[in-house]
Amino acid sequence: MTIYFYTTNDEYGCFSNFSPHGVELDGFWWKTTEHYFQAQKFVGTHHLEEIQQAKSPKQAATMGRDRKRPLRKDWEDVKDDLMRKAVLKKFETHPEIREVLLSTGDEEIIENAPGDYYWGCGKDGSGKNMLGKILMEVREKLR
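Reading guide: rules and limits
Residues numbered from 1 in each chain as written. Predicted model: local features only at pLDDT ≥ 70, side-chain atom pairs only at ≥ 80, totals over all residues. Heavy atoms only, no water. Helix = DSSP H or I, 4+ residues; strand = E, 2+ residues; numbered from the N terminus. Rg over C-alpha atoms; globule rule 2.2 N^0.38 Å. Core = buried A, V, L, I, M, F, W, Y, C linked by side-chain atoms within 4.5 Å. Buried < 20%, exposed > 50% of the residue type's maximum accessible area, 1.4 Å probe, protein only. Contact = heavy atoms within 4.5 Å. Disulfide = S-S within 2.5 Å. Arc of directions from axis to C-beta. Axes fitted to C-alpha atoms, helices over the stretch in contact; angles between N-to-C directions. Parallel < 35°, antiparallel > 145°, perpendicular 65-115°, else oblique. Nonpolar A, V, L, I, M, F, W, Y, C, P; charged D, E, K, R; others polar.

## With respect to the overall build of the protein chain
Turning to step 1, where the next piece is worked out: For the protein chain, the helix and strand inventory stands at six helices and four strands.
Turning to step 2, where the next piece is worked out: Mapped from its N terminus to its C terminus, the protein chain presents α and β elements in the order β-β-β-α-α-α-α-α-β-α.
Turning to step 3, where the next piece is worked out: Expected size for 143 residues packed as a compact globule is a radius of gyration near 15 Å; at 15 Å, the protein chain falls within 12% of this value.
Turning to step 4, where the next piece is worked out: The C-alpha extent of the protein chain, read off along each of the three principal axes, is 45 × 35 × 25 Å.

Below, the structure is given as structure tokens:
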């Protein structure tokens, strides 16, 4: 059986970076892993604090995707490791969702994000599903 997730209100919604499970990383408290991830695009600038203060993960995502903001030059090289760091911290911090992740056994986990061919599986299933892969890596580490 394959486990699909996308929205925070579905059965595995806690796997979403929009889920309301805050983390402390790099000396700051982040409302969601989405806030942390988007802000990392702008380390060393005022944009980081602006995104940290975003009211919702959706707002943080919109701000992080705004190309009027200066994206750090090494972003493509560091984004996967930053996502790994955030997801691991989230499941280490919150035992109730760690149990949900561990309860998935060896099932494949797929972010069913129709518009995202990198972090999700895309509309046609051909996406890289990097978030799903990272969740499976984190699950393995937490065992």
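## So, the nonpolar core
Within soluble globular proteins, side chains that are nonpolar tend to cluster in buried spots.
Turning to step 1, where the next piece is worked out: Phe 15, Val 87, Phe 91 and Leu 135 are the most contacted members of the largest nonpolar core, which totals 35 residues.
Turning to step 2, where the next piece is worked out: Residue assignment for this core shows that the elements contributing at least two residues are strand 1 (2-5), strand 2 (23-25), helix 1 (33-39), helix 2 (46-52), helix 3 (57-64), helix 4 (75-93), helix 5 (95-102) and helix 6 (130-142).
Turning to step 3, where the next piece is worked out: The element that contributes the greatest number of residues to this core is helix 4, accounting for eight residues.
Turning to step 4, where the next piece is worked out: Not counting residues up to four positions away in its chain, the partners in contact with Val 87 are Asn 17, Leu 131, Ile 134, Leu 135 and Val 138.

## Some words on the side chain of His 94
Turning to step 1, where the next piece is worked out: Note on placement: His 94 falls in the loop between helix 4 and helix 5.
Turning to step 2, where the next piece is worked out: Sequence-distant contacts of His 94, defined by excluding residues within four places in its chain, comprise His 21 and Gly 22.

## Observations regarding the state of the cysteines
Turning to step 1, where the next piece is worked out: For the coordinates displayed, the defined rule picks out zero disulfides.
Turning to step 2, where the next piece is worked out: Distance from the sulfur of Cys 14, which forms no disulfide, to the nearest cysteine sulfur (Cys 121) is 18 Å.

## Let's talk about helix 3
Residues lying three or four places apart along an α-helix face the same way, a consequence of the helix completing one turn every 3.6 residues.
Turning to step 1, where the next piece is worked out: Every buried residue of helix 3 is listed here: Pro 57, Ala 60, Ala 61, Met 63 and Gly 64. Take helix 3 and look down its axis: the buried residues cluster within an arc of 165 degrees, on one side only. Among the exposed residues of helix 3, those oriented more than 90 degrees off its buried face are Lys 58 and Thr 62.
Turning to step 2, where the next piece is worked out: On its buried face, helix 3 is in contact with helix 1 and helix 2.

## Description of the packing of helix 4 against helix 5
Turning to step 1, where the next piece is worked out: Relative to each other, helix 4 and helix 5 sit at 110 degrees, their axes nearing to 5 Å. With respect to helix 5, the element helix 4 is oriented roughly perpendicular. Residue-level inspection shows Lys 90, Phe 91, Glu 92 and Thr 93 of helix 4 in contact with helix 5, the latter providing Pro 95, Ile 97, Arg 98 and Leu 101.
Turning to step 2, where the next piece is worked out: Taken together, the residues of the contact of helix 4 with helix 5 break down into four nonpolar, one polar and three charged.

So, to be careful, I would describe these as geometric facts and stop short of saying anything about function.
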